[in-house]
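Listed below, chain by chain, are the residues.
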Amino acid sequence: MTLSDEQITHYADLGHVTVTGLLSNTDIEAARNDAMAWAGETLGNLTPMDEHWYLDAGATGRHLRKLDDPVHFRQVYKTLASRKSLVDAVEQLIGGTGVTVYFSQIFFKPPEGGGPKPVHQDNFYFGPSDPDGLVTAWIALDDATVENGCLYYGDGSHKTGLIDHIAPQDEPYNLQLTPEALADKPMTAAPVPSGGVSFHHGITLHGSGDNNSASWRRAVAFHYVRNDVTFVSPAWTFDPDMAERIS
Ligand SMILES: O=C(O)CCC(=O)C(=O)O
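Residues numbered from 1 in each chain as written. Predicted model: local features only at pLDDT ≥ 70, side-chain atom pairs only at ≥ 80, totals over all residues. Heavy atoms only, no water.

Moving on to the overall build of the protein chain. Across its full length, the protein chain holds eight helices and eleven strands. Here the protein chain has a C-alpha radius of gyration of 17 Å; the compact-globule value for 247 residues is 18 Å, and the two agree. When the backbone C-alpha atoms are referred to their principal axes, the protein chain occupies close to 45 × 45 × 35 Å. Considering the protein chain as a whole, with its 247 residues, one finds that 52% of them fall into the buried category. Nonlocal contacts in the protein chain, meaning residues at least 24 apart in sequence, comprise 85% of its contacts between residues at least 6 apart. Accessible surface, the protein chain as shown: approximately 10700 Å² in total, 53% of it carbon and sulfur. For the protein chain, the distance from the average position of its 16 positive side-chain charges to the average position of its 32 negative side-chain charges is 3 Å. (Helix = DSSP H or I, 4+ residues; strand = E, 2+ residues; numbered from the N terminus. Rg over C-alpha atoms; globule rule 2.2 N^0.38 Å. Buried < 20%, exposed > 50% of the residue type's maximum accessible area, 1.4 Å probe, protein only. Contact = heavy atoms within 4.5 Å. Areas by Shrake-Rupley, 256 points an atom, 1.4 Å probe, with all protein chains shown as cover. Lys, Arg positive; Asp, Glu negative; His and termini not counted. Charge placed at Lys NZ, Arg CZ, Asp CG, Glu CD.)

Below, the structure is given as structure tokens:
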């Protein structure tokens, strides 16, 4: 078993838990290298619509904000998502009937200007049949710090249900809480060293800050679901062909 009783209780109480040293330096270095190689290939082939959706508007230079579905497209990421330490932890958190990565994302957050991710709830996007059947494993590919834009969590917010989200008119993919809804919701920083994993429940409020440092804050998020979960009320359209069964 990967997680201790204390870690499972922490997740149950706060809606997130960070586990350091879960993945090897070799795996993390391979993931970083593959992310940059894939980004290089992608940057040469963006349509104007892709540029609007995928380039980081805050960064100096032409950098991607994110890439979608690495577990489907890149063997390095399928291997990472299948690592026993990770899958054991996921099964401890959402149950052991087998799990699938339904969606995955690499977040690049480039140096000096990589923009924030507004506060949101993953289950608002996915609409799973069992709200407790989805967990996101957020893996730090670089040390994630307050300065370079680590995640922030609303402690215990997984216990209070889904909240309405809005999206800026030209960014329909960027679903987020309104400033009014956020006003009474304190958020706690969750720094994660490279190779560590921060697991969050699908309802837990989370977002990330700007990158105000001179280095990258790269991370990958694997959105795992139990294999019996279906998607009954998604706010965003996902392609089920991108899902990768892991166990
Ligand atoms: O890494 C980020 O900045 C955002 C991550 C996120 O929203 C997620 O993992 O669900």
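Read on, since the account is not over.
Near the ligand you find 14 residues, and of these His 120, Trp 138, His 206, Ser 208 and Arg 217 are the closest. For the ligand, an oxygen atom lies 2.8 Å from a polar atom in the side chain of Arg 217. Protein contacts shield 98% of the accessible area of the ligand, which totals 300 Å² for the unbound molecule. Secondary-structure elements contributing two or more residues to the shell around the ligand are strand S4 (117–120), strand S5 (134–140), strand S9 (206–208) and strand S10 (219–226). A per-class count over the shell around the ligand returns four nonpolar, six polar and four charged. (Near = heavy atom within 4 Å. Polar contact = N/O pair within 3.5 Å; in protein donor to acceptor, adjacent residues only side chain to side chain. Nonpolar A, V, L, I, M, F, W, Y, C, P; charged D, E, K, R; others polar.)

Scanning the entire structure with this criterion turns up ten aromatic pairs. Ring centres of Tyr 102 and Phe 231 lie 3.8 Å apart, and the angle between their planes is 15 degrees; on these two criteria the pair is classed as stacked. Placement of Tyr 102 in strand S3 (residues 99–107) and of Phe 231 in the loop between S10 and strand S11 (244–245) is noted, with a sequence separation of 129 residues between them. Assessed through its relative accessible area of 11%, Tyr 102 is described here as buried. Put simply, the rings of Tyr 102, Phe 103, Phe 126, Phe 231 and Phe 238 touch in pairs and so form one group of aromatic residues. (Phe/Tyr/Trp six-rings, centres within 6.5 Å; stacked < 30°, edge-to-face > 60°.)

With that settled, the discussion passes to the pairing of strand S8 (residues 197–201). Most of S8 is tucked away: five of the five residues are buried. Going residue by residue along S8, you find Val 197, Phe 199 and His 201 tucked away on one face and Ser 198 and His 200 tucked away on the opposite face as well. In this sheet, S8 lies alongside strand S1 (residues 16–19) in antiparallel orientation, the contact comprising four bridges. Directly across from Thr 18, in S8, lies its bridge partner Ser 198. As paired elements, S5 and S8 share five bridges and run antiparallel to each other. The residue bridging Thr 136 from the neighbouring strand is His 200, located in S8. (Pairing = 2+ DSSP bridges.)

Moving on to the side chain of Asp 56. With respect to the element layout, Asp 56 can be found in the loop between helix H3 (48–54) and strand S2 (66–68). Of the buried charged residues, Asp 56 lacks a salt bridge, with Arg 65 as the closest side chain of opposite charge at 6.5 Å. Among the polar contacts made by the side chain of Asp 56, one reaches the main-chain amide nitrogen of Gly 58 at a distance of 3.0 Å. Ignoring any residue separated from it by four or fewer positions in sequence, one finds Asp 56 in contact with His 63, Leu 64, Arg 65, Pro 110, Gly 113, Gly 114 and Gly 115. (Salt bridge = Lys/Arg side-chain N within 4 Å of Asp/Glu carboxyl O.)

Taken in spatial order, the four strands of this open sheet run S4-S9-S6-S7, and their pairing is antiparallel. Strand pairing shows two members of the sheet lacking a second neighbour, S4 and strand S7 (188–190), which therefore form its edges. Going from strand to strand, the sheet's axes swing by 25 degrees on average, the running direction of each strand aside. For strand S6 (residues 151–153) and S9, the ladder comprises three bridges, and the chain directions are antiparallel. Bridged to Tyr 153 within S9 is His 206. (Axes fitted to C-alpha atoms, helices over the stretch in contact; angles between N-to-C directions.)

On to the pattern of salt bridges, then. Overall, the coordinates contain eleven salt bridges when judged by the stated rule. Across the salt bridge formed by Asp 130 and Arg 226, the nearest N and O atoms sit 3.0 Å from each other. Of this pair, Asp 130 sits in the loop between helix H7 (122–126) and S5 while Arg 226 sits in strand S10; the two residues are 96 residues apart in sequence, bridging distant segments of the chain. Judged by relative accessible area, Asp 130 falls into the partly exposed class, the value being 22%. Since its relative accessible area comes to 12%, Arg 226 is described here as buried. Lys 185 serves as the salt-bridge partner of Asp 184, at 2.9 Å between the closest nitrogen and oxygen. Assessed through its relative accessible area of 25%, Lys 185 is described here as partly exposed. One salt-bridge network, in which partners are shared between bridges, spans Asp 34, Glu 41 and Arg 74.

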